Amino acid sequence: MGCFWGAESLYGATTGVLRTTVGYAGGTKEGPTYRNLGDHTEVLEIDYDPNVISFKDLLHLFWNNHEYGLTTPIKRQYMSLILYHDEEQKTIAEQSKIEEQIKRSPEVITTEIRAKTNFYPAEDYHQKYRLQGHRDLCDTLNLNSKLLQTSYVATKLNGYLAGVGGFEQFKSEVDTMGLTPTQKEYCNYYVEKNEGQGLYC
């Protein structure tokens, strides 16, 4: 979808998404890094509750929130790419691409659909990038390298603080996050202030 920072915020504040991790996938190089990606693409790994949100719903967000590259070929690092985990996801992804192509004609969708064969988490400074812009809050949340990738709270706050999801949705979820009164007050202020802002780099 382009730069993975925006995609992580978008999905993080989506109801039913449990965890997000940015990383590199789709290529052949072992142990890629941001400075030495080889033929990998910036991607987002999403853990979600299928009882709340479907794979097709996740794809709807994918098709409608690209930073760039959906209908314009660009370098592999930022290309439009869907990696599926099983045959059911493959079928759903391919059908959704056909439907999107009909809607967007005469533009031609450049998205590739491939099996997920590897995934390398990106460096810590890329994980929950928007949340990490709130250093004092991160310190109080005791976010370490592992929690930046696995924490439900970090996933949610990374989206909400970037302005995704909206203040009303945040208020309906905030009590599930175990925040202190001070953390909650801080987040209330910035979620409301940033609501509706642009997502991307």
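Reading the values: the criteria
- Residues numbered from 1 in each chain as written.
- Predicted model: local features only at pLDDT ≥ 70, side-chain atom pairs only at ≥ 80, totals over all residues.
- Heavy atoms only, no water.
- Helix = DSSP H or I, 4+ residues; strand = E, 2+ residues; numbered from the N terminus.
- Rg over C-alpha atoms; globule rule 2.2 N^0.38 Å.
- Buried < 20%, exposed > 50% of the residue type's maximum accessible area, 1.4 Å probe, protein only.
- Contact = heavy atoms within 4.5 Å.
- Areas by Shrake-Rupley, 256 points an atom, 1.4 Å probe, with all protein chains shown as cover.
- Lys, Arg positive; Asp, Glu negative; His and termini not counted.
- Charge placed at Lys NZ, Arg CZ, Asp CG, Glu CD.
- Core = buried A, V, L, I, M, F, W, Y, C linked by side-chain atoms within 4.5 Å.
- Phe/Tyr/Trp six-rings, centres within 6.5 Å; stacked < 30°, edge-to-face > 60°.
- Pairing = 2+ DSSP bridges.
- Axes fitted to C-alpha atoms, helices over the stretch in contact; angles between N-to-C directions.
- Polar contact = N/O pair within 3.5 Å; in protein donor to acceptor, adjacent residues only side chain to side chain.
- Domains from an automatic or database assignment.
- Buried area = accessible area lost by both parts, 1.4 Å probe.

(A) Layout of the overall build of the chain. The secondary structure content of the chain amounts to 9 helices and 5 strands. Element order for the chain, N to C, with α for helix and β for strand: α-β-β-α-β-α-β-β-α-α-α-α-α-α. Taking 17 Å as the expected radius of gyration for a compact globule of 201 residues, we find that the chain reaches 17 Å, a close match to that expectation. Viewed in the frame of its principal axes, the chain has a C-alpha envelope of about 50 × 35 × 30 Å. Looking at the chain residue by residue over its 201 residues, the buried ones come to 47%. Taking as baseline every contact in the chain between residues at least 6 positions apart, the subset at least 24 positions apart corresponds to 71%. For the chain, the accessible surface area stands at approximately 10100 Å², while carbon and sulfur atoms represent 50% of it. When the 20 positive and 27 negative side-chain charges of the chain are each reduced to one mean point, those points stand 3 Å apart.

(B) Representation of the nonpolar core in the model. One finds Y11, L157, F170 and L179 to be the most contacted residues of the largest nonpolar core, which totals 45 residues. Those elements giving two or more residues to this core turn out to be α1 (4–12), β1 (17–25), α2 (55–64), β3 (81–84), α5 (135–141), α7 (152–160), α8 (167–173) and α9 (181–194). Here this core gets 6 residues from one element, more than from any other, and that element is α2. Those residues within four positions of L179 in sequence are excluded, and the remaining contacts are L141, V153, L157, V174, K184 and C187. Formed by 6 residues, the second largest nonpolar core is a distinct cluster that contains M79, L81, L83 and F119.

(C) Seen up close, the packing of aromatic side chains. The final tally for this structure, using the stated rule, is 7 aromatic pairs. With a centroid separation of 5.1 Å and an interplanar angle of 65°, the aromatic rings of Y160 and F170 are classed as edge-to-face. One end of the pair, Y160, is in helix α7; the other, F170, is in helix α8, with 10 residues separating them in the sequence. The burial state of Y160 is the same as that of F170; both residues are buried. Among the aromatic residues, those joined into a cluster by ring pairs are Y186, Y189 and Y190.

(D) Up close: the sheet that holds strand β5 (residues 120–121). In spatial order, the strands read β2-β1-β5; together these 3 strands make up an open sheet with antiparallel pairing. What marks the edges here is a single partner per strand, and that holds for β2 (41–48) and β5. In the sheet, β1 pairs with β5 via 2 bridges, with the strands oriented antiparallel. Each bridged residue has a counterpart across the sheet, and for Y24 the counterpart in β5 is Y120. Across the face of the sheet, α1 comes into contact with β1 and β2 while running at roughly 165° to β1.

(E) Highlighting the side chain of T21. Counting through the fold element by element, T21 comes out in strand β1. A polar side-chain atom of T21 sits 3.1 Å from the main-chain carbonyl oxygen of Q149. Residue contacts for T21: discarding those within four places in its chain leaves E8, V43, L44, E45, F119, P121, Q127, K128 and Q149.

(F) Expanded view of the pairing of β1. Burial analysis of β1 places 7 of its 9 residues in the buried class, the great majority of the element. Judged from the 8 bridges that link them, β1 and β2 form a sheet pairing that is antiparallel. Following the sheet pairing, T20 is matched in β2 by I46.

(G) Here's a closer look at the domain arrangement of the chain. In terms of domains, the chain is made up of domain 1 (4–121) and domain 2 (124–194). Between the C-alpha centres of domain 1 and domain 2 there is a distance of 23 Å. The partner domain 2 presents 19 residues to the 18 residues of domain 1 that form the contact. A combined buried area of about 1600 Å² lies between domain 1 and domain 2, and 51% of that area is made up of carbon and sulfur atoms. When the buried surface of domain 1 facing domain 2 is broken down by residue, W5, S9 and A13 rank first, second and third, together holding 36% of it.

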